[in-house]
Amino acid sequence: MGTYGAVYRAFDAEGELGPVALKLALRPGDERFAREVELLSRVRHPSVPRLVGHGSWRQPGGRLHPFLVMQWVEGVSLYDWARVQCPTSRQVLRTLASLARALEATHAAGGVHRDVKGDNMLVSAEDGQVFLTDFGSGHYGGAATLTSPPFPPGTPPYRSPEAWRSVKLPIPRSATAYAPGPMDDVFALGMTAYRLVADDYPPTPALLDEAAHLWGPEGTGPQPPRDVNVRCCAELSNLVSRMLSVRPEARGSARELAEALEQAARKAGPQADVPLFAREESQPVEASGPAQHVVHRKPGRTRRSWLVAASLGGAVALGAEWMLSAHPEEELEQAHASAQEEESKDAGTVAVGDTALTAPMPLAREPSAWSAISVDVPPKPLPGQTRSDAAGRCPSRTLIAINGGCWTRVAVSVKDCDENYGFYVYKGACYGPAFPPARPSTSGPADSGDDAP
């Protein structure tokens, strides 16, 4: 379940091909699907699920819901994979290199992903191949703009510092939405890598004074991952810091980054083979569904007619007809709860489409009540946020304790208090999360990374 679409495990009408991912729009005529189809049709890479087909399904009431069909990938998210596998620095270097190559292919096709994060990356249980998924937030040159200022869909902790610096409050009526580019994708991959290695986000580059010294034009960026996790090898730590540079040009292109990651994976010393976390510290997760595998498309079937998808035949038809026409109130509540649970996985996602190509979820009919996304203060602190003590006090008198976290009141109206800014509503006022200042570096000369590629 995503914000704008739901993904089903489907089969072609002839039954010759294994399962595919059928992604159905919740809202009739959603233009995002046409844009996603166009972008996916341009990208050819082993780490990007293949586009198989697309079309529209006519609701019993006569309205058309677009759908697209992709290669089915069964696996777990990158973060869950890391918790189970306890990878080494070398394994992470290789995984990041594959993702950087996927971004290279996307950028070479004139596109940007715009919602790169661990929950939009799947690792196959069959062969360990990593996939960059959910291109529903993506964009390409010449595509129509579908979102209003200040940002397109995305996930706040992964937004680049230049994106946050582009926002001027109050937002003028003539303002245009920030247009992420390839360097924004590279930064988001760096934030993903940091969380993967350090098991937490660094202070994020939101519009808060606490992190201004890190993410300003002359900022230092976050402390190196190796200062947080000594098991991280110097080569990996240096490349993650490079991706998170406050200067976009210092990050390098996705191609340059992929080459550096591949070289580091080959040349790193024995420390790169030390697991990043002790095995006993990991939290095992169970992957639901049948035996996990990647379905490879048979040659010569490029123009297969997806009658079962177009008509939603078989089991998919029964499920879709039930979910889109029956039990509207009960299923609306269930689907709404499922969407909220999905959004809580990664600091609150407002991205378009599926966050993982996994098992089907029941949906309700397309409801107007879903047109707004709640921006209430979350029930628990955000990852990395400053927390209040047992007595409900924050370390500074300027901060306010709410739901176990420390918050700063922001001088904007409630109607302009948007989660895309990193702001939330509480008791009729707008608040932003407070994050602790970065700890000073404790690395010595041997950790400076002079031997990094």
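Before any of the text, the structure's been laid out above.
Since the model is a prediction, treat every value here as computed from it, not as a measurement. (Residues numbered from 1 in each chain as written. Predicted model: local features only at pLDDT ≥ 70, side-chain atom pairs only at ≥ 80, totals over all residues. Heavy atoms only, no water.)

1. Examining helix H5 (residues 182–198)
Helical periodicity: at 3.6 residues per turn, an α-helix aligns residues three or four positions apart in one direction. Condition: What counts as a helix is a DSSP run of H or I of at least four residues, what counts as a strand is a run of E of at least two, and both are numbered from the N terminus. Each helix should span, by expectation, one fewer than its residue count multiplied by 1.5 Å. Partly exposed residues are those whose accessible area sits between 20% and 50% of the maximum for their type, while under 20% is buried and over 50% is exposed, using a 1.4 Å probe and protein chains only.
Between its terminal C-alpha atoms H5 stretches 24 Å, which fits the 24 Å expected from 17 residues at 1.5 Å a residue. Counting buried residues along H5, 15 of its 17 residues qualify, which places the element largely inside the surrounding structure. Immediately downstream of H5, the backbone of aspartate 199 shows phi near 65°, a positive value.

2. Observations regarding the state of the cysteines
Heads up, the rule is: Two cysteine sulfurs form what is called a disulfide whenever their separation falls within 2.5 Å.
Using the criterion set out here, one finds one disulfide in the structure. Between cysteine 232, a free cysteine, and cysteine 233, which holds the nearest cysteine sulfur, the sulfur-to-sulfur gap is 5.5 Å. Using a relative accessible area of 1% as the deciding quantity, one classes cysteine 233 as buried.

3. Overview of the sheet that holds strand E10 (residues 400–402)
Picture the strands of a sheet paired through backbone hydrogen bonds; they go either parallel or antiparallel. To keep it simple, the criterion reads: Pairing between two strands requires that DSSP report at least two bridges joining them. A fitted line through C-alpha atoms represents every axis, and for helices the fit uses only the stretch in contact; the resulting angles, taken between N-to-C directions, go from 0 to 180 degrees.
The four strands lie next to each other as E10-E11-E13-E12, forming an open sheet whose pairing is antiparallel. Looking at strand neighbours, the two that pair on one side only are E10 and strand E12 (424–426), the edges of this open sheet. Shown here is a sheet whose adjacent strand axes are inclined to one another by a mean of 55°, direction ignored. Strand direction decides the pairing type here: E10 and strand E11 (residues 405–409), joined by three bridges, are antiparallel. The residue of E11 that forms the bridge with isoleucine 402 is glycine 405.

4. Points about the sheet that holds strand E3 (residues 51–58)
Within the open sheet, the four strands sit side by side as E1-E2-E4-E3. Their pairing is antiparallel. The sheet is open, and its two edges are formed by strand E1 (5–10) and E3, each paired on a single side. Between one strand axis and the next, the sheet turns through 25° on average, direction left out of account. Where E1 meets strand E2 (residues 20–25), six bridges bridge the pair, whose relative direction is antiparallel. When the bridges of E2 are listed, alanine 6 appears paired with leucine 24.

5. Concerning helix H3 (residues 89–108)
The end-to-end C-alpha separation of H3 is 28 Å, in line with the 28 Å expected for 20 residues at 1.5 Å each. The buried fraction of H3 is high, at 15 of 20 residues. Glycine 110, located one to two residues past H3, shows a positive phi value of around 85°.

6. Digging into the packing of aromatic side chains
Selection rule: Pairing of aromatic rings covers Phe, Tyr and Trp, the last through its six-membered ring, and needs centres within 6.5 Å; plane angles under 30 degrees mean stacked, over 60 mean edge-to-face, and all others mean tilted. For a Lys NZ or an Arg CZ to count as sitting over a ring, it must be within 6 Å of the ring centre and within 35 degrees of the ring normal.
In total, this model carries four aromatic pairs according to the counting rule given. Note on tyrosine 426 and tyrosine 431: the rings are 6.1 Å apart at their centroids and 75° apart in plane angle, and the pair reads as edge-to-face. Taking NZ or CZ as reference, lysine 23 lies 5.5 Å from the ring centre of phenylalanine 33, over its face. The ring of tyrosine 79 has arginine 195 sitting right over it, with the charged end atom 3.9 Å from the ring centre.

7. Here we look at unusual backbone geometry
Despite not being glycine, aspartate 134 has its phi angle at roughly 55°, a positive value. Tracing the chain through its elements places aspartate 134 in the loop between strand E8 (130–132) and strand E9 (139–140). Taking the relative accessible area as the measure of exposure, aspartate 134 reaches 4% and is therefore buried. Phi at aspartate 199 is positive, roughly 65°, even though this residue is not glycine. Relative to the helices and strands, aspartate 199 is located in the loop between H5 and helix H6 (212–215).

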